[in-house]
Number of protein chains: 2
Amino acid sequence: MTEHCPEIQAALLGYGTVGSGVYQLFQRQKHEFPHKLGLCPVISRILVRDLSRPRRGADPALFTDRWEDILHDGDIRIVIEVTGGIEPARTRILEALRAGKSVVTANKDLMAEHGAELFAAAEEAGCDLLFEAAVAGGIPIIRPLKQCLAGNYITEIMGILNGTTNYILTRMSRDGMDFDTALQKAQELGYAEADPTADIEGCDAARKLAILASIGFNSRVVLSDVYTQGISGLSAKDIAYAEEMGCCIKLVALARCTPSGIEARVHPMLLPLGHPLATVHDSFNAVFVHGDAAGDLMFRGRGAGSLPTASAVLGDVCEAVRNLRCGCAGRVGCTCYKQIPVKKMEDTENRFFLRMQVEDRPGVLANVASVLGNNGVSIAQVIQKARTADTAEIVVITDRVQERNFSDSLAVFSGMSVIRKISAVIRVYDE
Amino acid sequence: MTEHCPEIQAALLGYGTVGSGVYQLFQRQKHEFPHKLGLCPVISRILVRDLSRPRRGADPALFTDRWEDILHDGDIRIVIEVTGGIEPARTRILEALRAGKSVVTANKDLMAEHGAELFAAAEEAGCDLLFEAAVAGGIPIIRPLKQCLAGNYITEIMGILNGTTNYILTRMSRDGMDFDTALQKAQELGYAEADPTADIEGCDAARKLAILASIGFNSRVVLSDVYTQGISGLSAKDIAYAEEMGCCIKLVALARCTPSGIEARVHPMLLPLGHPLATVHDSFNAVFVHGDAAGDLMFRGRGAGSLPTASAVLGDVCEAVRNLRCGCAGRVGCTCYKQIPVKKMEDTENRFFLRMQVEDRPGVLANVASVLGNNGVSIAQVIQKARTADTAEIVVITDRVQERNFSDSLAVFSGMSVIRKISAVIRVYDE
C-alpha cells in the first residue's frame, strides 16, 4: 500500500530542535501514514535562515532560504511553522493560509498574541490552523479541551506549563540549591536558554495559559491579560518554610472563569503536597482542568524537547491530512465566541505567605497584626523563628483576602521603620 | 444566533445513569452548541425498555419503547447508545449505521468484542462510530491516543481503569478494611453494582484495555486476548506487606507492544509508591501511555459516573455534528491495520510476590529456595516473620522470570507436604 499511496506535500519552516525532530518523526512514520491516513504526508521543503550551515538528517536538496519557494508552490498543502517568535512567522502563516495551505504551528508567542487574527484568516481561507504543540509539548491538551470536553463549562485550568522553572524549583527543593545554582544547572542541561528571562519571569507560561484559557472559556485571553510573576525572587528559605507547612512551591499558571469574569495569572504558589500538581517534578508539565460535567482531570507529560513537541506537531499534521482528504479543512475553527471580561489582579482574592524581617523588640508583631487587621486581612498562621542580632523573621499566612487589601497592607509596611524588609510575598493555594 | 440555528436530531438509547446525564448536558449546553458547532443538536427521541416507569427530567413525549421509531426516522442523524451489554445494542448500532446514522456509544462490552464488525459497518456506511465514553469515563483518552499521538509508536499503556476496585483497594489500604467490608462499603456508596463480578474479577478493566491496546498498537485486541485476574483473593495482609516494602497494590491493566508480540493483562500489582499510578486513589481512573516520541504521559480523572461519562458522550456528539456539517462523517475510522500476535501469558516475564504458609522446621526455606532455583526463578527478597503454632509465613519477591517457570515452581510446591498453603501470588511492577 505504501508504494501506491498518494503523497501530500508539507513544508517545514525551521530546522532547529523541534524542526529536526519533526523531520525525524516523518521518517519514522512514513510506512504507517498510508494505513493510518489514506495519504502519505512528506516534507518536500525546509525553510532555514542560513543555507550555509550544515544540516544533519535531511537531504540537502530540501533546504531553501526563500519563503517564496514554499508559498508559491501549489503542491505544498501544509505548512509546519516551528521557528517561534512573532515575525516573520506571523506574516508567513497569514500568507500560507491566504494561499489555501493548512497550517500547523508550535508558536505560542503568536497564538497568545495574534490568535484572533490568524483564526480569522484560516476561516476565510477554509484552512486548518492547528497548534497542539504550542502548549505543554507532547501532552495532548488543545484537542482534548476543544473537542473532547466540548460538552463542559470549564471553570478552572491550572498547570505547570514551564519545564525550566519546574526543574529549577525541583532542584531548589530536593537538593537545597539556591536559585542561581539551579538555573546554571538547568542551562548546563539545556533545559534553560542562554537568556532564560521568558522562562523564569513566567512569560512563557503566561502565553500558554492565555491559549488554554481562550479555548477552555470560549473567550479570547491574550498575553497582556495574564498577570505574571516569575521565580527569580524565590529563596531556598521560602522553600524550606513551605516544606515545614506541608507544601511545595511551584510556578503555577491558573485561569478561572468566575461569574465576575476571567482570572488569569502565573505566579509562584504554595501547594499542599497532596495536590496532584505537587507531584510533578523536574521538567515535566501538567495541566489540571475542572469541567462542570467531567469533574477534575489532569494531563501530564513532557512539556518540551525535540521529539515530545514534534509528537504534537505530527498529531496535528495527521489531522490536517485527514481533513484535506475529506475536503473538510477548517473543520474546527475558532471557538472564542464569548466576550468575558478579564478581571484585574487587584480584584482577585488570594491567600498569602508573607516573610518579613522586623526589629526584634516587644510590640512589633502586634503592629504587623494590626496593620493587616486594619486592612481586612485575616491571619491564618504566624511563625516567628530566626533571629539574628536585633532582627527577627516573621512569616504570616493569611486567609483569603482581596489582592487590593493585601497590597494596601504592604504599602503601610513599607513606611514603618520597625519593618526592615519584606523578604517574600507568595500566594498560597486555596480551593 | 441560537434561535435561527438549524437543529440536528439525535436519539438516545437508554435513560439510566448515563442516559439521563447525557440528556441533562444537552439541556445545559443548548445555548452554546450553535456557537460552537454551527448546528444545534437536540435529543428528539429516547428509547427505553419500559414506558410505564416514571422518568425524570425529560419531556414524556420524547420516550418510546419501539426502536423502529428511531431507526426509520430519517431526521434522526445521530444515535447515542448508552444501554450497555452486547445485545440488542450490537444489532441496533449495526442497523443505525446501515441506515446512515452516526453512532456515539459508551458500550465497552461491544467495542471490546465486536469492534471490527462495527467499524466495518461504519466504514461501509460512511458514518462516524465514536466511543470516547467506553473507556475511563470523563477522561479524554480515545481521541488523544488515536489522533493527538498518531505520530508515535505507542509501546506501553498502563492504567487503573476500574473505579470500583480502586475504591476497594484504597479503603483496604487506608483504613485496613478487609475485602468483603470494603466491597460492601462500595456497594452502599453506589460505586459497586449488586453483582460486582465484572468489576472485581477484572473483566470490566480488561474490556477497556482491549479497546485502548487496539488503538494504541493499531492492531485489534479483543477481550479474550486479555489475561484477567481480579482482586477478590487479596487480603489486608498482602497490602500490609506491600506497604512495608514501599509499595501499594493496584488492579493494573497493562498492555505492551513488544518485538515478540502484544502483551495484555489485568491483574493486581505491587507498585512502588513513587509510581504516578500509585497516587490514584478512590474511584479515580488514570491511564499512563508511553510513546516513542511523546515519552511518558498520564491522563487522570473520573472514570465513571453519570456526568463524567456523559461529558465524553457529548464530546463525541459534537465531533459527529461537526463531521455531518462538513460532510465528512466517518473521517477517522478504524486504525487497526496491523495483525500483531498477542502473546500467551505464560510467555511473558514478570516479578512475583509469593506469600506461603510452611511447616516451621529447619530446612524448609532451603527447600523453597531450591525449588525456585531449579526452575530458574531467582529470589530478590525474602521475609519470614509471622509464626503460629507450627506454621511459619514466608514471603518471597522474585526477580523477573518467565511466567511458565514460576508456574512450574508453584506446581512443585503444591505437591510438597511442608508447604501448607500458597496464600498469595501477586505480580510486582518491573520497569
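Above this note sits the structure.
Computed from a prediction, not measured in an experiment: that's the story for all the values here. (Residues numbered from 1 in each chain as written. Chains lettered and ligands numbered in written order. Predicted model: local features only at pLDDT ≥ 70, side-chain atom pairs only at ≥ 80, totals over all residues. Heavy atoms only, no water.)

1. A few points about the environment of A:Leu365
Residue and element names in this part refer to chain A. Examined against the element boundaries, Leu365 turns out to sit in helix H13 (residues 364-374). Here Leu365 falls in the partly exposed class, since its relative accessible area comes to 34%. Other than its neighbours up to four places away in sequence, Leu365 contacts Val382, Gln384 and Ile394. (Helix = DSSP H or I, 4+ residues; strand = E, 2+ residues; numbered from the N terminus. Buried < 20%, exposed > 50% of the residue type's maximum accessible area, 1.4 Å probe, protein only. Contact = heavy atoms within 4.5 Å.)

2. Regarding the side chain of A:Asp238
Residue and element names in this part refer to chain A. As for its position among the elements, Asp238 is in helix H11 (residues 236-244). Note on Asp238: relative accessible area 0%, which makes it buried. Among residues more than four places away in sequence, those in contact with Asp238 are Ile249, Phe353, Arg355, Ala424 and Ile426.

3. Quick notes on the relation of the copies chain A and chain B
The relation between the two chain copies is a rotation about an axis coupled with a shift along that axis. The two copies are related by a screw motion: chain A maps onto chain B through a turn of 180° and a shift of 0.0 Å along the axis, at an RMSD of 0.0 Å. Read as a symmetry element, the transformation amounts to a two-fold axis. Looking at the rotation axis and the C-alpha trace of chain A, the residue lying nearest is A:Phe299, at 2.4 Å. With an isologous cut-off of 70% or more, the 100% of interface residues of chain A that recur at the interface of chain B puts this contact in the isologous class. (Least-squares fit on C-alpha atoms with pLDDT ≥ 70 in both.)

4. Here we look at the nonpolar core
By size, the foremost hydrophobic cluster in this structure holds 170 residues, and its most contacted members are A:Ile141, A:Phe353, B:Ile141 and B:Phe353. In this structure B:Phe353 touches B:Asp238, B:Tyr241, B:Met245, B:Leu270, B:Val395, B:Val396, B:Ile397, B:Ala424, B:Val425, B:Ile426 and B:Val428, once residues within four positions along its chain are discounted. (Core = buried A, V, L, I, M, F, W, Y, C linked by side-chain atoms within 4.5 Å.)

5. Quick notes on the side chain of A:Gln29
By the secondary structure assignment, A:Gln29 is in the loop between helix H1 (17-28) and helix H2 (33-37). Only 3.2 Å separates the side chain of A:Gln29 from the side chain of A:Lys36, close enough to count as a polar contact. With near-sequence residues (within four places) excluded, A:Gln29 lies in contact with A:Lys36, A:Leu314, B:Ala150, B:Gly151, B:Asn152 and B:Tyr153. (Polar contact = N/O pair within 3.5 Å; in protein donor to acceptor, adjacent residues only side chain to side chain.)

6. Examining the pairing of strand S7 (residues 154-160) of chain A
Here is the key point about a regular strand: its side chains alternate between the two faces of the sheet. Residue and element names in this part refer to chain A. S7 sits mainly inside the fold: six of its seven residues count as buried. Where S7 and strand S11 (residues 284-291) come together, six bridges link them in antiparallel fashion. Looking across to S11, one finds that Glu156 is bridged to His290. The pairing of S7 with strand S9 (residues 247-258) spans four bridges and is antiparallel. Pairing of Ile157 across the sheet is with Ala255, part of S9. (Pairing = 2+ DSSP bridges.)

7. Structural notes on helix H4 (residues 89-98) of chain A
All names here are of chain A. Of all the positions in H4, only Ala89, Ile93, Leu94, Ala96 and Leu97 are classed as buried. Each buried residue of H4 sits inside an arc of 160° when the element is viewed along its axis, so together they form one side. Looking at the packing, one finds that the buried side of H4 touches helix H3 (67-71), strand S4 (76-81), strand S5 (102-105), helix H5 (108-125) and strand S6 (129-130). A positive phi of about 85° marks Gly100, the residue just after H4. (Arc of directions from axis to C-beta.)

8. Some details on the packing of aromatic side chains
Residue and element names in this part refer to chain A. Within the structure shown, the criterion is met by 15 aromatic pairs over all chains. Centroid distance Phe352 to Phe406: 3.8 Å. Interplanar angle 0°. Geometry classified as stacked. A residue pair is termed long-range when its members are at least 10 positions apart, and Phe352 in strand S13 (residues 349-359) and Phe406 in helix H14 (residues 403-414) qualify at 54 residues. When sorted by exposure, Phe352 lands in the same class as Phe406, which is buried. (Phe/Tyr/Trp six-rings, centres within 6.5 Å; stacked < 30°, edge-to-face > 60°.)

9. Notes on the interface of chain A and chain B
Contact with chain A, which involves 50 residues of that partner, is made by 50 residues of chain B. Together, the buried faces of chain A and chain B total about 4,400 Å²; carbon and sulfur atoms form 54% of this surface. Considering only the side of chain A, the residues that lose the most area to chain B are A:Cys148, A:Arg331 and A:Tyr337, jointly responsible for 15% of the buried surface there. Connecting chain A to chain B are six salt bridges. Of the charged contacts in the structure, one is a salt bridge between B:Glu319 and A:Arg331, with a shortest N-O distance of 3.0 Å. Scanning the region where chain A abuts chain B turns up 26 residue pairs in polar contact (both at pLDDT 80 or more). (Buried area = accessible area lost by both parts, 1.4 Å probe. Salt bridge = Lys/Arg side-chain N within 4 Å of Asp/Glu carboxyl O.)

10. Notes on the packing of helix H5 (residues 108-125) of chain B against helix H10 (residues 203-217) of chain B
All names here are of chain B. Where H5 contacts H10, the axes come no closer than 9 Å and their chain directions differ by 50°. Accordingly, the angle class assigned to the pair H5 and H10 is oblique. Crossing handedness for the pair H5 and H10: left-handed. Across from Lys108, Asp109, Met111, Ala112 and Glu113 in H5, the residues of H10 making contact are Asp204, Arg207, Lys208, Ala210 and Ile211. Per-class residue counts for the contact of H5 with H10 are four nonpolar, no polar and six charged. (Axes fitted to C-alpha atoms, helices over the stretch in contact; angles between N-to-C directions. Parallel < 35°, antiparallel > 145°, perpendicular 65-115°, else oblique. Left-handed = near helix turned anticlockwise from the far one by under 90°. Nonpolar A, V, L, I, M, F, W, Y, C, P; charged D, E, K, R; others polar.)

11. A closer look at the packing of helix H1 (residues 17-29) of chain B against helix H12 (residues 306-326) of chain B
Residue and element names in this part refer to chain B. Contact pair H1 / H12: the axes reach a minimum separation of 8 Å and the direction vectors enclose 60°. Comparing the axis directions of H1 and H12 gives the class oblique. The two elements H1 and H12 meet at a crossing, and its hand is right-handed. Seen from H1, the contacting residues are Thr17, Val18, Gly21, Val22, Gln24, Leu25, Phe26, Arg28 and Gln29; seen from H12, they are Ser306, Leu307, Thr309, Ala310, Ser311, Val313, Leu314 and Val317.

12. Concerning the sheet that holds strand S3 (residues 63-64) of chain B
Residue and element names in this part refer to chain B. Taken in spatial order, the six strands make up an open sheet running S3-S2-S1-S4-S5-S6, and their pairing is parallel. Only two strands of the sheet have a single neighbouring strand rather than two, namely S3 and strand S6 (129-130). Looking at chain direction, strand S1 (residues 7-13) and strand S2 (residues 40-47) are connected through seven bridges and run parallel. Along S2, the bridge assignment pairs Ala11 with Arg45.

13. Re the sheet that holds S6(A)
All names here are of chain A. Taking strand neighbours across the sheet as the criterion, the six strands line up as S3-S2-S1-S4-S5-S6 in an open arrangement whose pairing is parallel. With one partner strand each, in any of the chains shown, strand S3 (63-64) and S6 form the two edges of the open sheet. Looking at chain direction, strand S1 (residues 7-13) and S4 are connected through five bridges and run parallel. Of the residues in S4, the one forming a bridge with Ala10 is Ile78. H4 rests against S1, strand S2 (40-47), S4, S5 and S6 of the sheet, and its axis sits at about 150° to S5.

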